[in-house]
Structure formats: C-alpha cells, structure tokens
Amino acid sequence: MWKRKKKTAKPRPALPLELCDLCGQVFPEQEAVICHVADSSAAGPGHDRSDGLRRLTACSEAHLGTLRERYLKRPYVEEELWAAKIDRVLTHGPSALPLEQLACRTGLHAPEIRRAVAWHNDHRPPLPS
C-alpha cells in the first residue's frame, strides 16, 4: 500500500520588522514613520554621505515628533563628527596612522583632526578606578 504524504504548511516569509526608537515597540516595516535629523555623533561604518545625519524610526507621528524634538535640543558639534570619522577609520583599519594618512582617509585637514582629538579627550568617559 501506498502511504499519503503529510501536507505541510508552506513556510511564510518573515515580514521585515522595525523597532521604534522611542518606545521599543516592534512593528511591520511598512508602518514605520521615518525621518533624518542632524546629529554630530552619527557616523556610520559606510560612506561619508550620511555622516552627521541620524535616521529616526518610530511607530507613530507622535513618537517621531518627540524624538525629533530631542535631537533639535542637542547641539551639533563639528569636532564630535570629526572624532567619529577618525574613530571609524581607526576601527576598520590600522589602529594608528600618520597624520597625513589619517587626513587622506577621513577627508579632514590637520587642524580639524587636532580639534577632534582635543574634543575627544575632553569628552571621553573617565576610566574606572
């Protein structure tokens, strides 16, 4: 005798999900409310074109408005952005570079690099004692 094969349910494709930056709620990607705001701490691992811009994702217009207000109150500090660019280069390559090579890889000039290093040294968290 022949046995019937069990009918198995076809696996459903996973829906792309998003996470609200304010409340942490998970929701379908197509329901996301998104905008970009100026943020000098934002320097991603990729290209320079989005440096200084942070993508905000929210579950509602109200939550997006709250997030946007927070970033509008935050000062935009060029030295912070430059320090983030330097950190990106040193994290994804040699951990030490001569000033000329660092300038070449970050697109910054020597005075900007010096100001970024000074800013970083003034704002880094204290070492645990």
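Anything mentioned here points back to the structure above.
What you see as residue numbers is a count from 1 along each chain, following the sequence as written. Restriction of local features to residues with pLDDT of at least 70 applies here, the model being predicted, together with a cutoff of 80 or more for giving and counting side-chain atom pairs; totals for whole chains, interfaces and linings are based on all residues. As a rule here, side-chain values cover all heavy atoms of the structure and leave hydrogens and water aside.

**Quick look at the packing of helix α3 (residues 99-106) against helix α4 (residues 110-123)**
Test applied: All axes are obtained by fitting lines to C-alpha atoms, using only the stretch in contact for helices, and the reported angles, taken between N-to-C directions, cover 0 to 180 degrees. The secondary structure listing takes helices from DSSP runs of H or I that are at least 4 residues long and strands from runs of E that are at least 2 residues long, numbered from the N terminus. Angular relationships are summarised with four words: roughly parallel below 35 degrees, roughly antiparallel beyond 145, roughly perpendicular across 65 to 115, and oblique for the angles in between. Any two residues whose heavy atoms approach within 4.5 Å are treated as being in contact. Only Asp, Glu, Lys and Arg are considered charged, only Ala, Val, Leu, Ile, Met, Phe, Trp, Tyr, Cys and Pro nonpolar, and every remaining residue, Gly among them, polar.
Contact geometry for α3 and α4: axes closest at 10 Å, N-to-C directions at 95 degrees. Regarding the angle of α3 to α4, the classification is roughly perpendicular. Within the contact between the two elements, α3 uses L99, L102, A103 and T106 and α4 uses A110, I113 and R114. Looking at side-chain class alone, the contact of α3 with α4 contains 5 nonpolar, 1 polar and 1 charged residues.

**Quick notes on the pattern of salt bridges**
Selection criterion: A side-chain nitrogen of Lys or Arg and a carboxyl oxygen of Asp or Glu constitute a salt bridge if their distance falls within 4 Å. Burial classification: accessible surface area is computed with a 1.4 Å probe over protein chains only, and a residue below 20% of its type maximum counts as buried, one above 50% as exposed, and the rest as partly exposed.
Here the structure, examined in full by the defined rule, presents 6 salt bridges. Salt-bridge contacts for R54 lead to D39; the nearest nitrogen and oxygen are separated by 2.4 Å. In this pair, R54 sits in strand β4 (residues 53-58) while D39 sits in the loop between β3 (33-38) and β4, placing the two residues 15 residues apart along the sequence. The partly exposed category is assigned to R54, whose relative accessible area is 27%. Here E79 ties to R115 by a salt bridge, and the two come within 2.4 Å at their closest N and O atoms. Residue E79 is located in helix α2 (residues 78-91), and its partner R115 is located in helix α4; the two are separated by 36 residues in the primary sequence. E79 gets classed as buried once you look at its relative accessible area, which sits at 16%. Judged by relative accessible area, which is 45%, R115 ranks as partly exposed.

**Thoughts on the nonpolar core**
The tendency in soluble globular proteins is for nonpolar side chains to be buried side by side. We count it as follows: In this text, buried Ala, Val, Leu, Ile, Met, Phe, Trp, Tyr and Cys residues form a nonpolar core when linked through side-chain atoms within 4.5 Å.
If you look at the biggest cluster of nonpolar residues, it comprises 11 residues: W82, A83, I86, V89, L97, L102, A103, L108, I113, A116 and W119. Taken together, the elements giving at least two residues each to this core come down to α2, α3 and α4. The dominant element in this core, judged by the number of residues it contributes, is α2, at 4 residues. Excluding its chain neighbours within four sequence positions, the residues that come into contact with A103 are L108 and I113. Judged by nonpolar contacts, the second largest core, of 10 residues, contains F27, V33, V37 and A58.

**Points about the packing of α2 against α3**
Running from N to C, α2 and α3 cross one another at 105 degrees; their axes reach a closest spacing of 10 Å. Of the possible angle classes, the one that applies to α2 and α3 is roughly perpendicular. Here K85, I86, V89 and L90 of α2 come into contact with α3, specifically with L102, R105 and T106. Residues that form the contact of α2 with α3 fall into these classes: 4 nonpolar, 1 polar and 2 charged.

**Remarks on a nonpolar patch on the surface**
Quick reminder of the rule: Patch definition: residues with relative accessible area over 30% and no salt bridge; like charges joined within 9 Å; nonpolar side chains (Val, Leu, Ile, Met, Phe, Trp, Tyr) joined within 5 Å. Here the open area of atoms and residues is found with the Shrake-Rupley method and a 1.4 Å probe, where only the protein chains shown may cover a residue.
Together, L15, L17, L19 and V26 give the surface a local cluster of nonpolar side chains, amounting to about 410 Å² of exposed area. Mapping L17 onto the fold places it in strand β1 (residues 17-19).

**Let's talk about the state of the cysteines**
Let me state the cut-off plainly: Here, a disulfide means two cysteine sulfur atoms that sit within 2.5 Å of each other.
Within this structure, the stated rule accounts for 0 disulfides. C23 takes part in no disulfide bond, and the closest cysteine sulfur to it belongs to C20, at a distance of 3.7 Å. Judged by its relative accessible area of 40%, C23 is partly exposed. Of all cysteine sulfurs in the structure, the one in C20 sits closest to C35, which takes part in no disulfide; the separation is 12 Å. The exposure class assigned to C35 is buried, which follows from its relative accessible area of 12%.

Read these as layout, nothing more, since geometry by itself doesn't imply function.
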